[in-house]
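Here is what each chain is made of, one letter per residue.
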Amino acid sequence: MDFNLAEEQLMVQQAARDFAQNELLPGVIERDEKQIFPAEQIKKMGELGFMGMMVDPKYGGSGLDTISYVLAMEEISKIDASASVVMSVNNSLVCWGLQEFGTEEQKQHWLPLLASGQIHGAFCLSEPEAGSDATSQKTTAIDMGDYYLVNGTKNWITNGNTASFYIVIAQTNVEKRSKGINALIMTKDMPGFTVGPKEHKMGIRGSDTHSLQFNDVKVPKENRIGEEGFGFKFAMKTLAGGRIGIASQALGIASGAYELALKYSKERKSFGTEICNHQAIAFKLADMFVNIEAARHLCLKAAWDKDHHHNYDISGAMSKLFASQTAMDTTIEAVQIHGGNGYVREYHVERLMRDAKITQIYEGTSEIQKIVISRSIIAH
């Protein structure tokens, strides 16, 4: 086992750290308060190659490995999880799924735009009655010969209004259940495609989250990704990689909160000494550090599995389960270490605590991760 990062990986990590500090940190509190989408910052992320990190250079991507992606996600998530979720969706769910399963024509048309950050995408699976149970798709894509007629609603869609490219999962053959689902490329300018109101969220408030409605939208057959009925498998395969992205986001939220708490504990004094010298605080910092290091190793192991073409279903699920719990635990303790200041927005940790919760919910709840893990260990 070699735990050393390659020079290129270290360069990516430093570039992401510099970008987060210089471009994301200024204004992050205001963007959170006013629910401002970080449009300019996302554009710059595209210019730096962070929006298509694992896309083949022949399609305009950076051609980097998953480990580099995890490192960059952690650094950006330390500062602004609203920006990192845009990066995660575009890389893990949209670009990877399209590159892996799309036609050559689809890849040549869309990937250069997505990887460069000229546009970004959205992944549309969840519905009012289909969250964890993704097989219960009520959105329909009726086969009309040379096109599908799409009707239905999608909920909690990241980049719902700002995206230019949407991968929509819809049911074509109800009798076949999961084997009758398709993945379709849609664009907002298609007649009958409507974007619903913006969600008023607890965390990642700068992220652009909307419901989508489809009313007799005609989607050409050439917009289908994969074979007829491949949609559910496409969604599950894509989400397996997406879990690594969200695990890395959770890791970043945790490590960002830890760094702030450590710094504060060395500055704040009580009973005649810096609070880091009190065992009650020192032990909290020790627990935070150990859990973050464990979460980081799980994330990197899942990324290594993916890069080496091993099955990463269980390692991805473990990384998301543990890292998201670590994000919650660490941010709660970071607020506690800050005391009254932790409850105040200017110290950042209360925002990180609010951002942490969603990592236990989206792209597969913690309970779903336990289903994936338990089925795998029982089967072996």
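Residues numbered from 1 in each chain as written. Predicted model: local features only at pLDDT ≥ 70, side-chain atom pairs only at ≥ 80, totals over all residues. Heavy atoms only, no water.

- Under an unreviewed UniProt entry, the protein chain has the name Cyclohex-1-ene-1-carbonyl-CoA dehydrogenase and belongs to Flavobacterium alvei.
- What UniProt records for the protein chain under Cofactor (unreviewed entry) is the sentence "FAD".
- The protein chain has a UniProt comment under Sequence similarities (unreviewed entry) that states "Belongs to the acyl-CoA dehydrogenase family." (UniProt positions renumbered as here; feature names shortened; annotations may be inferred.)

**A closer look at the UniProt feature "domain: Acyl-CoA dehydrogenase/oxidase N-terminal" (unreviewed entry) in the protein chain**
Item 1. As recorded in UniProt, the sites labelled "domain: Acyl-CoA dehydrogenase/oxidase N-terminal" (unreviewed entry) are residues 7-118.
Item 2. Between the first and last C-alpha atoms of residues 7-118 the distance is 28 Å; the span itself is 72% helix and 0% strand. (Helix = DSSP H or I, 4+ residues; strand = E, 2+ residues; numbered from the N terminus.)

**Quick word on the nonpolar core**
Item 1. Residues Met45, Phe50, Met87 and Phe165 are the most contacted members of the largest nonpolar core, which totals 87 residues.
Item 2. Among the elements that line this core, the one with the most residues is helix H7 (residues 231-267), at 16 residues.
Item 3. If we ignore the near neighbours within four places in the chain, the residues touching Met87 are Met45, Phe50, Met51, Met53, Tyr69, Ala72, Met73 and Ile76.
Item 4. In this structure, Val150, Leu184, Met186 and Val217 belong to the second largest nonpolar core, which totals 18 residues. (Core = buried A, V, L, I, M, F, W, Y, C linked by side-chain atoms within 4.5 Å. Buried < 20%, exposed > 50% of the residue type's maximum accessible area, 1.4 Å probe, protein only. Contact = heavy atoms within 4.5 Å.)

**Some points on helix H8 (residues 279-307)**
Item 1. With 29 residues, H8 ought to run about 42 Å at 1.5 Å a step, and its terminal C-alpha atoms sit 42 Å apart, in line with that.
Item 2. All of the buried residues along H8 are Ile281, Leu285, Met288, Ile292, Ala295, Cys299, Ala302, Ala303, Asp305 and Lys306.
Item 3. On its buried face, H8 sits against helix H4 (66-79), helix H5 (81-101), H7 and helix H9 (313-338).
Item 4. His309, located one to two residues past H8, shows a positive phi value of around 60°. (Expected span 1.5 Å × (residues − 1).)

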